[in-house]
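This is what each chain is made of:
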Amino acid sequence: MTQRARLIYNPTSGNEGMKRYVADILDVMEQAGYESSAYQTTPEPFSAKKEASRATLDGFDLIVAAGGDGTINEVVNGIAPHRHRPKMAIIPAGTTNDYARALAIPREDPVAAAKVILAGQTLRMDIGKANKHYFMNIAAGGLLTELTYGVPSEFKSIFGYFAYVMKGAEMLPAIKQFPIHLEYDDGVYDGPASMFLLAMTNSIGGFEQIVPDSSLGDGKFSLIVVKTAKLPEYLVLMGKVLNGGRHVDDPNIIYTKTQNLVVTREDGEELKINLDGDYGGSAPMTFQNLRQHIEMYANVSEIPDGNIADDAAQQDYLQEVETISESDINGDGKIGK
Ligand SMILES: Nc1ncnc2c1ncn2[C@@H]1O[C@H](COP(=O)(O)OP(=O)(O)OP(=O)(O)O)[C@@H](O)[C@H]1O
């Protein structure tokens, strides 16, 4: 039976330019063998999530999310709760596009991004669960991340803000410590912290060094806890991030891999949690890594081998590799020249 694909696109993402590419993107999806249709998101909250959920229940085989990381996060939230989940493809049109960067998908040209589907390479990507919400790239808490709520979209990404901070250091005096209780796979931390991050890729506002050893599809979060709130120590840490990810050994940092995490703020104050750049609820929060939960088209050959878990690259890609080796088979059926 012909496979069906649904394009869910946000007409307001980026420079509101997505609309004019829709016909060409649908054409690429058809070339890839999918019977294709499109849905334009609306100003109504969570329209992308609702449509992704509906299309999943309707049995669509592929959902293509075109928009900023906010739209991609909504589509992930529409798909992730279901037992039978379609594949996803990403067409970036936001301001930061961290997730597309992680999947090595072109970020300037939406049609080129769609053509990643034609190459047929996919990765089974981990998805994070945070209480009842899902996220695909990053969860974070702490004052620096709270500053991102209610700011203009160009500063919406936590680490767009982080970059801003690194340039101007204007926000650093605002960093405060709070008492936190963390339970993760290898331990418990009770003590002061100024922020924590849970990352699933190494694509965080363009800083690949924040998570120097991420492995897509390994079923583990990279947990980073910054204990200090002292300005000079923050500057040292930022220097170490830029200097090849050496912050991971700093005594002011906890850096570990974990599948599960429980976060509680111990002084009774609210700790807002940011999921993929937007407010996603407050602590106490339980996080779980859903290993290889959604299969996504990716430019796998452009991602360094060391950044992909051994069993995350999927069928189409592997078939392509097998096809190449079949051409090496001799007339006598043996492999080799
Ligand atoms: N037709 C529409 N009109 C107005 N707002 C919309 C419409 N469709 C979606 N939205 C809103 O767009 C927001 C998501 O934007 P998205 O994150 O995809 O793009 P962006 O803000 O340009 O990207 P980035 O987060 O990278 O800056 C959601 O709040 C959603 O409700």
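Everything quoted here is computed from the prediction, not taken from an experiment.

Moving on, we get to the packing of aromatic side chains. With the rule as written, the count across this model stands at three aromatic pairs. Seen from their ring centres, phenylalanine 135 and phenylalanine 287 are 6.1 Å apart, and the 90 degrees between their planes marks the pair as edge-to-face. Of the two residues, phenylalanine 135 sits in strand β6 (residues 133-135) while phenylalanine 287 sits in strand β16 (residues 285-297), which places them 152 residues apart along the sequence. For the pair formed by phenylalanine 135 and phenylalanine 287, the shared burial category is buried. A centroid spacing of 6.2 Å and a plane angle of 70 degrees characterise the contact between phenylalanine 196 and phenylalanine 287, whose relative ring orientation is edge-to-face. One end of the pair, phenylalanine 196, is in strand β10 (residues 195-199); the other, phenylalanine 287, is in strand β16, with 91 residues separating them in the sequence. Like phenylalanine 287, phenylalanine 196 is buried. These aromatic residues form a ring-pair network of at least three members: Phe135, Phe196, Phe221 and Phe287.

On to helix α1 (residues 22-31), then. Listed as buried for α1 are Val22, Ile25, Val28 and Met29. Around the axis of α1, the buried residues are gathered within 125 degrees of arc, so they sit on the same side. Exposed and facing more than 90 degrees away from the buried side of α1 are Ala23 and Gln31. Considering only its buried residues, α1 is in contact with β1 (3-9), β2 (34-40), β3 (62-67), β4 (87-92), α5 (110-114) and α6 (116-119). One or two residues past the end of α1 sits glycine 33, with phi positive at roughly 100 degrees.

This next bit is on the nonpolar core. Val75, Met88, Ile90, Leu103, Leu123 and Met296 are the most contacted members of the largest nonpolar core, which has 55 residues in total. Among the elements that make up this core, the one with the highest residue count is β3 (five residues). Leu182, Tyr189, Leu223 and Leu261 belong to the second-largest nonpolar core, a separate cluster that totals 24 residues.

A few words now on unusual backbone geometry. In this structure, proline 284 follows alanine 283 across a cis peptide bond, with omega equal to 5 degrees. Counting through the fold element by element, proline 284 comes out in the loop between β15 (278-282) and β16. One non-glycine residue, asparagine 131, lies in the positive phi region at around 50 degrees. Following the sequence through the fold, asparagine 131 ends up in the loop between β5 (122-130) and β6. In this model, aspartate 276 sits at a positive phi of 55 degrees, which is unusual for a non-glycine residue. For aspartate 276, the location among the structural elements is in the loop between β14 (272-275) and β15. With a relative accessible area of 9%, aspartate 276 lands in the buried category.

When you line up the elements, leucine 231 lands in helix α9 (residues 231-242). On the accessibility criterion, leucine 231 (36% relative accessible area) is partly exposed. Taking the C-alpha atoms as reference points, leucine 231 and isoleucine 175, 56 residues apart in sequence, are found 8.2 Å from one another.

With that out of the way, let us pick up the pattern of salt bridges. By the definition in use, this model includes 10 salt bridges. In this structure, aspartate 98 engages arginine 101 in a salt bridge whose closest nitrogen and oxygen atoms are separated by 2.9 Å. Of this pair, aspartate 98 and arginine 101 both sit in helix α4 (residues 98-102), three residues apart, roughly one helical turn. Given a relative accessible area of 5%, aspartate 98 falls into the buried group. As a salt-bridge pair, arginine 291 and aspartate 311 come within 3.1 Å of each other at their nearest N and O atoms. Taken together, the residues arginine 291 in strand β16 and aspartate 311 in the loop between β16 and α10 (315-326) connect sequence positions 20 residues apart.

Our focus in this paragraph is the site of the ligand. What surrounds the ligand is a group of 18 residues, the closest being Gly14, Thr41, Gly68, Thr71 and Thr95. Serine 13 places a polar side-chain atom, nitrogen or oxygen, 3.1 Å from an oxygen atom of the ligand. Contacts to the ligand include threonine 71, whose side-chain N or O atom sits 2.3 Å from an oxygen atom. Bound to the protein, the ligand loses 76% of the 650 Å² it would expose on its own. Grouping the constituent residues of the shell around the ligand by class yields two nonpolar, 14 polar and two charged.

Definitions and limits used
Residues numbered from 1 in each chain as written. Predicted model: local features only at pLDDT ≥ 70, side-chain atom pairs only at ≥ 80, totals over all residues. Heavy atoms only, no water. Phe/Tyr/Trp six-rings, centres within 6.5 Å; stacked < 30°, edge-to-face > 60°. Helix = DSSP H or I, 4+ residues; strand = E, 2+ residues; numbered from the N terminus. Buried < 20%, exposed > 50% of the residue type's maximum accessible area, 1.4 Å probe, protein only. Arc of directions from axis to C-beta. Contact = heavy atoms within 4.5 Å. Core = buried A, V, L, I, M, F, W, Y, C linked by side-chain atoms within 4.5 Å. Salt bridge = Lys/Arg side-chain N within 4 Å of Asp/Glu carboxyl O. Near = heavy atom within 4 Å. Polar contact = N/O pair within 3.5 Å; in protein donor to acceptor, adjacent residues only side chain to side chain. Areas by Shrake-Rupley, 256 points an atom, 1.4 Å probe, with all protein chains shown as cover. Nonpolar A, V, L, I, M, F, W, Y, C, P; charged D, E, K, R; others polar.

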